[in-house]
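Here's the letter readout for the chains.
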Amino acid sequence: MNLRVLGCSGSDLPGHNLTSFLVNGTVLLDAGTVTSALDLAAQARIEHIFVSHAHLDHIKDILFLADNLIEFFAGKKRPPLQIHGLPEVLDAIAAHLLNDTIWPDFTVIPENSPVLTYAPMTPGEPVVIDGLTVATHPVNHAKAASGYVLWEDGGAKNLAYTGDTGPCDAWWRFCDALPFPLRHLITEASFPSDMEALATASKHLTPRLLHAELAKLHANPEVHIYHMKAPFAAQIEDELERELAGHSYHLLREHDCITI
């Protein structure tokens, strides 16, 4: 499994791309930054987008990706790009974005060969794509937010992605119940620990909260940190060094490529 970081920041500032991860060249985990990170040929290879929740920083480039790909669909019979997620998340995208007011509804255009289609998921029921299995489970963030676990080779190669989340016991129980040991975990640390009240109100994690969350997990995966708010990044990094002592972790950066 190959993971390419297109964006991993919790802030939209120069040099800080919003969340999106490209898996095996054809699958996206969230779509905060896609069209400014990939050339058109790479965009045209994408076949699936797994959306963790409907906040704009995780979905905005669905709109621009669809617009860019129109030439690959007009007058052709290419299967539509599938947007996967919990039904409430897909309903929000349809109602508030792809609604012919904010953006054209690319689930119906071009006629007879639409660019996009919705693929609702059920927690715990995996989807299989070219040997890659993907399952989802709710987390503690926005309405109907969920994380994902992806695996290949019967679970020998695997990755869990929390998406944005606050403390969430059920997510860690889900990860521990997998029929294989968790190898890699992408999770967040959005705010420094002295902003815990704000993190709690917005359902995010600080380094101190993340330390407590990882203690709930029986597995000991490689931890990959994303979604740091750029103005506080240096403080968060210092705190992570203390709070995650004993864990193998690294801070994700744009353009990182990870082989799992």
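Computed from a predicted model, the values in this text were never measured in an experiment.

### Notes on the pairing of strand β1 (residues 2-7)
1) Next: Pairing between β1 and strand β14 (residues 257-259): three bridges, direction antiparallel. Each bridged residue has a counterpart across the sheet, and for R4 the counterpart in β14 is C257.
2) Next: With four bridges connecting them, β1 and strand β2 (residues 20-23) associate as antiparallel partners. Directly across from G7, in β2, lies its bridge partner S20.

### A look at the nonpolar core
1) Next: In this structure, L28, I46, I49, I62 and L116 are the most contacted members of the largest nonpolar core, which totals 30 residues.
2) Next: Mapped onto this core, the elements with two or more residues apiece are α1 (40-44), α2 (56-68), β5 (81-85) and α4 (87-96).
3) Next: Look past the residues within four positions of I46 in its chain and what remains in contact with it is L22, G25, T26, L28, V34, L38, L65, R78 and L81.
4) Next: With 28 residues, the next largest nonpolar core counts V139, L210, I225 and L251 among its residues.

### What about the sheet that holds β2?
1) Next: With mixed pairing, the seven strands of this open sheet are ordered in space as β6-β5-β4-β3-β2-β1-β14. A strand with exactly one partner marks an edge of an open sheet, and here the two such strands are β6 (116-120) and β14. Strand-to-strand, the axes of this sheet are offset by a mean angle of 25°, without reference to chain direction.
2) Next: Bridge count between strand β4 (residues 48-50) and β5: three bridges; the pairing is parallel. Across the sheet, F50 pairs through a bridge with H84, a residue of β5.
3) Next: Where α4 meets the sheet, its contacts fall on β5 and β6, and the angle it forms with β6 comes to roughly 155°.

Cut-offs used in this document
- Per-chain numbering applies: the sequence of each chain, read as written, is numbered from 1 onward.
- With pLDDT at 70 or above as the cut-off, local features in this predicted model cover only qualifying residues; side-chain atom pairs require 80 or more to be listed or tallied, and sums for whole chains, interfaces and linings still use all residues.
- By convention in this description, side-chain values take in all heavy atoms of the structure and omit both hydrogens and water.
- Only strands joined by at least two bridges in the DSSP assignment are considered to pair.
- Each helix corresponds to a stretch of at least 4 residues labelled H or I by DSSP, and each strand to a stretch of at least 2 residues labelled E; elements are numbered beginning at the N terminus.
- Side-chain atoms within 4.5 Å are what join buried Ala, Val, Leu, Ile, Met, Phe, Trp, Tyr and Cys residues into a set we call a nonpolar core.
- Think of it in three bands: with a 1.4 Å probe and only protein chains considered, a residue is buried below 20% of the maximum accessible area for its type, exposed above 50%, and partly exposed in between.
- Contacts are assigned to residue pairs that have any heavy atoms within 4.5 Å of one another.
- Here, axes are lines fitted to C-alpha atoms. For helices the fit covers the stretch in contact, and angles between N-to-C directions go from 0 to 180 degrees.

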